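Results of the structural survey
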Amino acid sequence: VRSHACARAHAMVDGGSGGSGDGSPAASTEVVAQQTLPPPMLSGVAAKVFGRPYARLSDDHQDIGIGVGAVGGKAGGSSMRATAAKLVTVMLGASVLGYPLLFSRTGLLMGSLLLLFSCGLSLYLCGLLGDAIGQVQQRLHRKLFTLDEMALECFGERGQSWVRCLVRTFFVAKTCLYLVLIGQNLTYLLPFWPYRAWVLSVTGLVLPVAFVRDLSVLERMSCVGVVASVLYGVCIVTGSFQALGQPSRHLEIPPSFETVTQFLGVFFSAMTIMAFGFGPVDILTSMRSEMSEPALLRRSLVWAHGAALLVYWVAGAFGFWGFGAGVAGNVNLSMCDDPGCPGQHGVTTEEGGSNWISGVALAIAVIANLAVTVPLILNCLFKSVEADYPADKPMKRWPNALMRAGTVLFSSAVGLCLPFFIHIVAIISSALGVPIIFFLPLMISWKVGSLYDLPRGPGKLAIDAGVLLVGLLALCVGLSEAMSDLMAAIREQPQAVDIFSNFWQ
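Rules and cut-offs
- Residues numbered from 1 in each chain as written.
- Predicted model: local features only at pLDDT ≥ 70, side-chain atom pairs only at ≥ 80, totals over all residues.
- Heavy atoms only, no water.
- Helix = DSSP H or I, 4+ residues; strand = E, 2+ residues; numbered from the N terminus.
- Buried < 20%, exposed > 50% of the residue type's maximum accessible area, 1.4 Å probe, protein only.
- Contact = heavy atoms within 4.5 Å.
- Areas by Shrake-Rupley, 256 points an atom, 1.4 Å probe, with all protein chains shown as cover.
- Core = buried A, V, L, I, M, F, W, Y, C linked by side-chain atoms within 4.5 Å.
- Expected span 1.5 Å × (residues − 1).
- Salt bridge = Lys/Arg side-chain N within 4 Å of Asp/Glu carboxyl O.
- Phe/Tyr/Trp six-rings, centres within 6.5 Å; stacked < 30°, edge-to-face > 60°.
- Lys NZ or Arg CZ within 6 Å of the ring centre and 35° of its normal.
- Axes fitted to C-alpha atoms, helices over the stretch in contact; angles between N-to-C directions.
- Parallel < 35°, antiparallel > 145°, perpendicular 65-115°, else oblique.
- Left-handed = near helix turned anticlockwise from the far one by under 90°.
- Nonpolar A, V, L, I, M, F, W, Y, C, P; charged D, E, K, R; others polar.
- Disulfide = S-S within 2.5 Å.
- pLDDT = per-residue confidence, 0-100.

1. A few points about the overall build of the chain
In terms of regular secondary structure, the chain is built from 16 helices and zero strands. Burial statistics for the chain: of 505 residues in total, 55% are counted as buried. Residue pairs at least 24 apart in sequence account for 82% of intrachain contacts in the chain once pairs closer than 6 positions are excluded. In the form shown here, the chain has an accessible surface area of approximately 21,300 Å², with 66% of it arising from carbon and sulfur atoms.

Written out as structure tokens, the structure is:
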């Protein structure tokens, strides 16, 4: 799924926007067409931000063959099944490691229903956005490939700036999360070094890579993500069966909620994380434009959501059933012999049990996948910022270096101070995931309907209003619960955030 998208986008930006030397209209049209057409396949990482908007085509250039489907242009080449496969690969990420804990908080029945509800919400919102994309492309007679292009058409340059800012912040937050996850899994594999030492080591490796502009070697390693996604589920299920024989295993007792407030907090916190795992909103624009039959996008979404639903349910249900109520936020940190993994349930490094084979395989899969993902995310982020500058006045060297180094060091600082995987996932899901997954599709759908006078029945209005209400509650209640959980984790493990007196512990 990871393609040469970022590298080609950078090349398009560097290529400028002028015509050919002879100044002929045909040559000028060819240049505009080359700058407008993106690479044939975009990845879950690269498709999110492409920097400066593609050159707009005037009505005089509609005959160069880039129309969409029914408007008479050339369609993309991805089939319905291929698009569904790419969507599944994008959806299944490292967040699956936290699903056993989510089920332990909600219980098997409530967790299963909540997962189904989150899947349905994501499917509905993706359908809204896909239809809106189709309406805009049909009227513009050209393809759109990024979410910020849709924002430009619907809300103007100010709306596009807000979307770009939101997506870039999302990228930085995910980098922070991934450094935490890499540090935790390296500590699990090689406990002779403490967590913070591993985070610093990873930072030292990522920092020079952040200054590398050509990552074509990493972009070719798409198989790593596919293999890792399969291993995640296999290792969690295998570890769950092994955990059943541990004497210290915590029983899978259904949680009890003393107040309605407590129930709502757990409900919306878990729902935001689950919706975060499904919602491929930020790549739908490119996915639809790549399809040979864009009208089949909804069918691709159904298949992709169904496959992701199955994987998430197996990981959550089997993980909760096997590891019980004491499962760690990163399930890998529960895959040790009695009395448990170091740092979990008061177990010291000296007392920690031996690692399981399934845990070692899971840790290697996570590290290998993120070793490819982190540099690509950073590369796309940096090229997006650089693309805001005109080709004749590019970003200066020192501000550029400061941006690259500062992003990595900031992400490392978060990883050093807040080594809590599932809590950071919850905060990202609520603060950034909800606006992207819930609000943007609704806003774009409503705006497109208003611009083109599309009919909207009372039933659809009622459903949209209900989804908006759920999104607002998920943002407010989910974020509040995520922050409360983080504070509780800090109170429970104060040494984990005390980087001055316990830096190497």
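2. What about the environment of Ser411?
The topology assignment puts Ser411 in helix 14 (residues 397–417). Accessibility expressed as a relative area gives 0% for Ser411, which makes it buried. For the pair formed by Ser411 and Thr175, sequence separation is 236 residues and the distance between their alpha carbons is 6.2 Å. Excluding residues that lie within four positions of it along the chain, Ser411 makes contacts with Val172, Thr175, Cys176 and Leu179.

3. Things to note about the nonpolar core
In terms of nonpolar packing, the biggest core is built from 120 residues, with Leu97, Leu362 and Phe438 touching the most fellow members. When residues in this core are grouped by element, the largest group, 19 residues, is from helix 6 (residues 147–189). The residues touching Leu362, leaving out its near neighbours within four places in the chain, are Leu97, Leu231, Tyr232, Cys235, Ile236, Val331, Asn332 and Met335.

4. Notes on the environment of Phe439
Along the chain, Phe439 turns up in helix 15 (residues 421–451). Between the C-alpha atoms of Phe439 and Val467, which are 28 residues apart in sequence, the distance is 9.1 Å.

5. Section: helix 5 (residues 108–140)
The terminal C-alpha atoms of helix 5 lie 48 Å apart, and with 33 residues this matches the ideal 48 Å at 1.5 Å per residue to within 8%. Just beyond helix 5, the residue with positive phi is His141, at close to 60°.

6. Some details on the side chain of Ser269
Relative to the elements of secondary structure, Ser269 occurs in helix 10 (residues 260–278). Classification of Ser269 by relative accessible area gives buried; the value is 5%.

7. A word on the pattern of salt bridges
For side chains bearing opposite charge, pairing can occur when the charged atoms are close. Applying the stated criterion across every chain, the model contains 10 salt bridges. The partner of Arg298 in a salt bridge is Asp131, and the shortest N-O contact between them spans 2.6 Å. Here the residue Arg298 occupies a position in helix 12 (residues 297–323), and Asp131 occupies one in helix 5, the gap between them amounting to 167 residues. Owing to a relative accessible area of 41%, Arg298 belongs among the partly exposed residues under this scheme.

8. Observations regarding the packing of aromatic side chains
If you walk through the whole model with that rule in mind, you get 12 aromatic pairs. Plain terms: the ring middles of Phe267 and Phe268 are 5.1 Å apart, the flat faces sit at 80° to each other, and that makes the pair edge-to-face. Seen from their ring centres, Phe318 and Trp321 are 6.0 Å apart, and the 85° between their planes marks the pair as edge-to-face. With Phe318 and Trp321 both in helix 12, this residue pair falls three residues apart, about one helical turn. Given a relative accessible area of 25%, Phe318 falls into the partly exposed group. When the ring centre of Tyr452 is taken as origin, the NZ or CZ atom of Arg139, which lies over that ring, is 4.4 Å away.

9. Quick notes on the packing of helix 6 against helix 13 (residues 357–386)
Packing of helix 6 against helix 13 leaves a shortest axis separation of 9 Å and a crossing angle of 155°. Taken as axis vectors, helix 6 and helix 13 run roughly antiparallel relative to one another. The two elements helix 6 and helix 13 cross, and the hand of that crossing is left-handed. When the residues that make up the contact of helix 6 with helix 13 are grouped by side-chain class, the tally is 20 nonpolar, five polar and one charged.

10. Brief notes about the state of the cysteines
Within this structure, the stated rule accounts for one disulfide. At a sulfur-sulfur separation of 2.0 Å, the disulfide partner of Cys336 is Cys341. One disulfide, between Cys336 and Cys341, carries an S-S torsion of 100° and so falls in the right-handed class. Classification of Cys341 by relative accessible area gives buried; the value is 3%.

11. A word on the confidence of the model for the chain
Residues with a pLDDT of 70 or more make up 81% of the chain, whose mean pLDDT is 79. Mean pLDDT across the secondary structure elements of the chain bottoms out at helix 2 (residues 25–36), with 39, and peaks at helix 5, with 92.

12. Concerning unusual backbone geometry
The phi torsion at His141 lies on the positive side, around 60°, for a residue other than glycine. Position of His141 relative to the elements: it lies in the loop between helix 5 and helix 6. Classification of His141 as partly exposed rests on a relative accessible area of 32%. Positive phi outside glycine occurs at Asp453, with the angle close to 55°. Within the fold, Asp453 resides in the loop between helix 15 and helix 16 (458–492).

13. A closer look at helix 16
With 35 residues, helix 16 should reach 51 Å at 1.5 Å per residue; the first-to-last C-alpha distance of 49 Å fits that figure. Taken as a whole, helix 16 has its buried residues at Asp464, Val467, Val470, Gly471, Ala474, Gly478, Ala482, Asp485, Leu486 and Ala489. The secondary structure elements touched by the buried residues of helix 16 are helix 4 (99–106), helix 5, helix 10 and helix 15.

14. A closer look at the packing of helix 5 against helix 15
Viewed as axis vectors pointing N to C, helix 5 and helix 15 meet at an angle of 35°, and their least axial separation amounts to 9 Å. Between helix 5 and helix 15 lies a crossing whose hand is left-handed. Judged by residue contacts, Leu121, Leu125, Leu128, Leu129, Ala132, Gln135 and Val136 of helix 5 engage Ile437, Phe438, Pro441, Leu442, Ile444, Ser445 and Val448 from helix 15. Its residues assigned to classes, the contact of helix 5 with helix 15 shows 12 nonpolar, two polar and no charged.

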